[in-house]
Structure formats: C-alpha cells, structure tokens
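So you can see what is in the structure, the chains are spelled out below.
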Amino acid sequence: MKHVIALDVGGTGMKAALVAADGTLLHELRRATGRKRGPDAVVESILGFAEDLRAYGQEHFGEPALAAGVAVPGIVDADRGIAVYAANLGWRDVPLRKLLSERLGGIPVALGHDVRTGGLAEGRIGAGQGADRFLFVPLGTGIAGAIGIGGTIEAGAHGCAGEIGHIVVRPGGPACGCGQRGCLEALASASAVTRAWSAASGDPDADAADCAEAVASGDTRAVVVWQDAVAALADGLVTALTLLDPRTLIIGGGLAEAGETLFTPLRAAVEERVTFQKLPAIVPAALGDTAGCLGAGLLAWDLLATEVTD
C-alpha cells in the first residue's frame, strides 16, 4: 500500500498520519511536542515521531513511505524548507525539510505553514471542495487565513499572505501581540472572547465555549460580548472579501464549534456590511482538527507528482 507520512505540529501537541494516495488516513497518532524541554527537544520529537511512522508503514503496509509532509506554525519558508520562527515552539531557522529527509532515508519532504496546509485540505476535500476561489479562516488562539486559488494556496511573495488577524478593525483598540492595537485577532479570536467573557462574567475560568453557551441561554452579558466579537469579525471579513472576492468563506477553529450561535449572526453582519461586493457562501469547516494532517499529506503527494512531472 503506497503511502506518505503527514505531520501537523502545534504549540503543545502533534498529530500525525500515514496517508494513502486517495487521502485516506491509514494510521493516526498523537504526541506531545515536548516544548517545555526547549526547541531542540521539539525538533527531535518531530524527527523521532516521523521515524516511528516510517517503521510502522514498513511493517504494516509492506513498504516505507514515499514522501513526507509537515505543517508547522509561525513563519515558514516553504521553498527552502526552513521553519523560520515560531514563538510557541521557541525555534528559529530550523532546516526541518533537510533534517526530516535525512532521518527518513532521503525521501522527499514538503514543509508548509499550518493554516495554509489546513486550508489546502479544506479547499480540496473539505468545505471548499469545488470552489475555485475560497478563504479559510480558523478562529482559535489567534486568527489567520488561507487564500485558495484554483486548488492551491497563495503564500504571498514572502510567505505572509492571508494574515487577516492583523487587519486593524478598531483603531486604538486592545493591544495585539503583533505590536499594533485593535487587530481583528485581539477582538474576535477564541482567546479574545475568552478574555472578554471572563471579565464580564467575573469568572476567571470562563472561556469562549462558556460564552457561546451563555449566549444560547439568553444571558445578556454574554450576548453583548458575543455581538462585539461578531461585529469586529464581520468588519475584518468584509475587508478580506473586498480584496479577494472569494466564492466560499470557510470558518473553522474553536470558535466555529459554536455552530449557528456564531454563523447566524455572522452571516447577517457580513450581509449588512457589503455594498458592491458579492456575498460568498459562509460555511463551517468540515475537517476539524484533522485538516492539518490531511493537508500535510496532500503536500507530500503533490511533491511526488511534481517530481514525476519534472
């Protein structure tokens, strides 16, 4: 059974799979990154995980993986195969493609940005399937975006395309980790809603999911927090629609798990704000937390197809 190795590296955990040519997940595993032991330990955890997956594939499917794909957070130079910077993992300029290829017997390795890789999977085999232009926006600890064009993801000239979370929607608003004030991420991410609801409810342990539940039950304090976040999100999304004109807008991440508590007011808020822009279909992501792994597998198969073509 021909297969590739797929790794999705997060701030605290890693998801991995062996992926068949048709996208089937043949084997799935999860492990901690070990980030508390430092960036070198994280890199070694990734390499060791990949090595174990290769051995599993050899034993259970009769041959080693043909290639590997890995999705990582932060700044990524996909062309050179370098994980440039990730604040949560503490690394800088890690030649991850080279290190993985050496550990895996010289097979080709594709490196991708976690959100763009997840967007690739959502676009090809998830909620954006069949859309020639889409925007994938996961609402998690932060807010990022993946711009889908004709089955591929636009990375930009410097690998920074799609950073919708750092559009300023409330000038002079709350401070953002990027150094600006009033960024979309500081107002409408799951972590932003958690902070706002914790303050409004007086419960230091309350989070965004609790806020969504309180909204559904009619809590007026929660409704105010939620409406503020939805309004900021709609403002940021309309800016993105104006620039990109996508056919489908895919919303994922932890905040999207609120379902229609989010999507009903969000669709209405976006519709209220558009003038000449064409309103896209606004849909929930379909692949959940497997998107990154599936996307990493797609990157690996794409790499093999490119090598055959060349």
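Since the structure is predicted, the reported quantities are computational estimates derived from the model, not experimental observations. Think of each chain on its own: its residues are numbered from 1, step by step along the sequence as written. Given that the model is predicted, a residue must reach a pLDDT of at least 70 before its local features are reported, and side-chain atom pairs must reach 80 or more before they are shown or counted; all residues, however, enter totals for whole chains, interfaces and linings. The basis for every side-chain value is the complete set of non-hydrogen atoms in the structure, without hydrogens or water.

> Tell me about the overall build of the chain, and name the residues and values.
Looking only at helices and strands, one finds nine helices and 13 strands in the chain. As defined in this context, the radius of gyration uses C-alpha atoms, and a globule is described by 2.2 Å times the residue total to the power 0.38. In summary, the chain has a C-alpha radius of gyration of 20 Å against a globular reference of 19 Å for 310 residues, a match within 12%. When each of the 310 residues of the chain is scored for burial, the buried share is 49%. Throughout, a contact is declared for two residues whenever any of their heavy atoms are within 4.5 Å. In the chain, 60% of the contacts between residues at least 6 apart in sequence involve partners at least 24 apart. Carbon and sulfur atoms provide 52% of the accessible area of the chain, an area that totals close to 13,900 Å². Both charge centroids of the chain, one from 24 positive and one from 36 negative side chains, sit 4 Å from each other. Strands here mean DSSP runs of E at least two residues long; helices mean DSSP runs of H or I at least four residues long; both are numbered from the N terminus. Categorising residues by exposure relies on relative accessible area from a 1.4 Å probe, with only protein chains included: less than 20% of the type maximum marks a residue as buried, more than 50% marks it as exposed, and the intermediate range marks it as partly exposed. Where accessible areas are quoted, they stem from the Shrake-Rupley method and a 1.4 Å probe; at the residue level, only the protein chains shown are allowed to cover. Lys and Arg are tallied as positive, Asp and Glu as negative. Neither His nor the chain termini are counted. Charged groups are reduced to one reference atom each: NZ for lysine, CZ for arginine, CG for aspartic acid, CD for glutamic acid.

> Which residues make up the sheet that holds strand β11 (residues 152-154), and what are the values?
A pair of strands is labelled paired if DSSP reports no fewer than 2 bridges between them. Taken together, the five strands give an open sheet; going across it, the order is β11-β10-β9-β12-β13, and neighbouring strands pair in mixed fashion. Strands with a single pairing partner mark the edges of an open sheet, and in this sheet they are β11 and β13 (281-284). Ignoring strand direction, the axes of neighbouring strands in this sheet form an average angle of 30°. Pairing analysis gives three bridges linking strand β10 (residues 146-149) to β11, with the strands arranged antiparallel. The residue bridging Ile147 from the neighbouring strand is Glu154, located in β11. Fitting a line to C-alpha atoms yields each axis, with helices limited to the stretch in contact; the angle taken between N-to-C directions then spans 0 to 180 degrees.

> Please give an account of the packing of helix α5 (residues 190-201) against helix α7 (residues 220-244) that cites residues and values.
If you want to describe how two helices pack, look at the angle between their axes and the distance between the axes. In contact at an axis separation of 10 Å, α5 and α7 are set at 155° when each is read in the N-to-C sense. When the axis of α5 is compared with that of α7, the two are roughly antiparallel. Like other packed secondary-structure pairs, α5 and α7 cross with a definite hand, here right-handed. Facing Val193, Ala196, Trp197, Ala200 and Ser201 of α5, the residues of α7 in contact are Arg221, Ala222, Val225, Trp226 and Ala229. A class-by-class count of the residues in the contact of α5 with α7 yields eight nonpolar, one polar and one charged. By definition in this entry, angles of less than 35 degrees are roughly parallel, angles greater than 145 are roughly antiparallel, angles of 65 to 115 are roughly perpendicular, and the rest are oblique. In this scheme, a crossing is called left-handed if the near helix is turned counterclockwise away from the far one by less than a right angle; it is called right-handed if the turn is clockwise. Residues are grouped as follows: Ala, Val, Leu, Ile, Met, Phe, Trp, Tyr, Cys and Pro are nonpolar; Asp, Glu, Lys and Arg are charged; all remaining types, including Gly, are polar.

> Outline the sheet that holds strand β4 (residues 68-72), supporting the account with residue identities and numerical values.
Here we have five strands laid out as an open sheet, ordered β3-β2-β1-β4-β8, and mixed in their pairing. Either end of the sheet is taken by a strand with one partner, and the two such strands are β3 (25-32) and β8 (109-113). The sheet shows a mean angle of 15° between the axes of neighbouring strands, taken without regard to direction. Where strand β1 (residues 3-9) meets β4, four bridges bridge the pair, whose relative direction is parallel.

> So what about the nonpolar core? Which residues, and what values?
Buried Ala, Val, Leu, Ile, Met, Phe, Trp, Tyr and Cys residues form a nonpolar core when they are joined through side-chain atoms within 4.5 Å. Counting 42 residues, the largest nonpolar core has Val137, Trp226, Leu237, Ile251 and Val270 as the members making the most contacts within it. For this core, the secondary-structure elements that each account for two or more residues are β9 (133-138), α4 (184-188), α5, α6 (208-216), α7, β12 (248-252) and α8 (260-273). With 12 residues, α7 is the single largest residue contributor to this core. Leu18, Phe49, Leu100 and Leu111 belong to the second largest nonpolar core, which has 29 residues in total.

> Summarise the side chain of Ser45; cite the residues concerned and give the values.
Position of Ser45 relative to the elements: it lies in helix α1 (residues 39-61). For Ser45, the contacting residues outside a window of four places in its chain are Met14, Thr33 and Arg37.

> Which residues make up the packing of α5 against α6, and what are the values?
One can describe the packing of α5 onto α6 by two numbers: an axis separation of 8 Å at closest approach and a directional angle of 65°. Taken together, the axes of α5 and α6 are roughly perpendicular relative to one another. Here α5 runs over α6; the crossing is left-handed. In contact with Ala190, Val193, Thr194 and Trp197 of α5, α6 contributes Ala208, Asp210, Cys211 and Ala214. In terms of residue class, the contact of α5 with α6 is built from six nonpolar, one polar and one charged.

> If you had to explain the environment of Thr117 to someone new, which residues and values would you point to?
Here Thr117 shows up in helix α3 (residues 114-125). For Thr117, a relative accessible area of 3% corresponds to the buried category. Residues Thr117 and Leu287, 170 residues apart in the sequence, show an inter-C-alpha distance of 12 Å. When neighbours within four sequence positions are excluded, Thr117 is seen to be in contact with Ala71, Gly112, Ala291, Gly292, Gly295, Ala296 and Leu299.

> Explain the pattern of salt bridges to me, and be specific about the residues and the numbers.
Salt bridge criterion: a side-chain nitrogen from Lys or Arg within 4 Å of a carboxyl oxygen from Asp or Glu. In the structure shown here, the tally under the stated rule is 15 salt bridges. For Glu260, the salt bridge is made with Arg267, and the minimal N-O distance between the two is 3.2 Å. Take Glu260: its relative accessible area is 45%, and that puts it in the partly exposed class. The exposure class of Arg267 is partly exposed, given its relative accessible area of 30%.

> Just give me the short version of the environment of Arg97, but keep the residues and values in it.
Tracing the backbone shows Arg97 in helix α2 (residues 96-103). The class for Arg97 is partly exposed, based on a relative accessible area of 29%. Expressed as a C-alpha distance, the spacing of Arg97 and Gly81, which sit 16 residues apart in the sequence, is 4.8 Å. The contact partners of Arg97, leaving out residues within four places of it in the chain, are Ala78, Asp79, Arg80, Gly81 and Val109.

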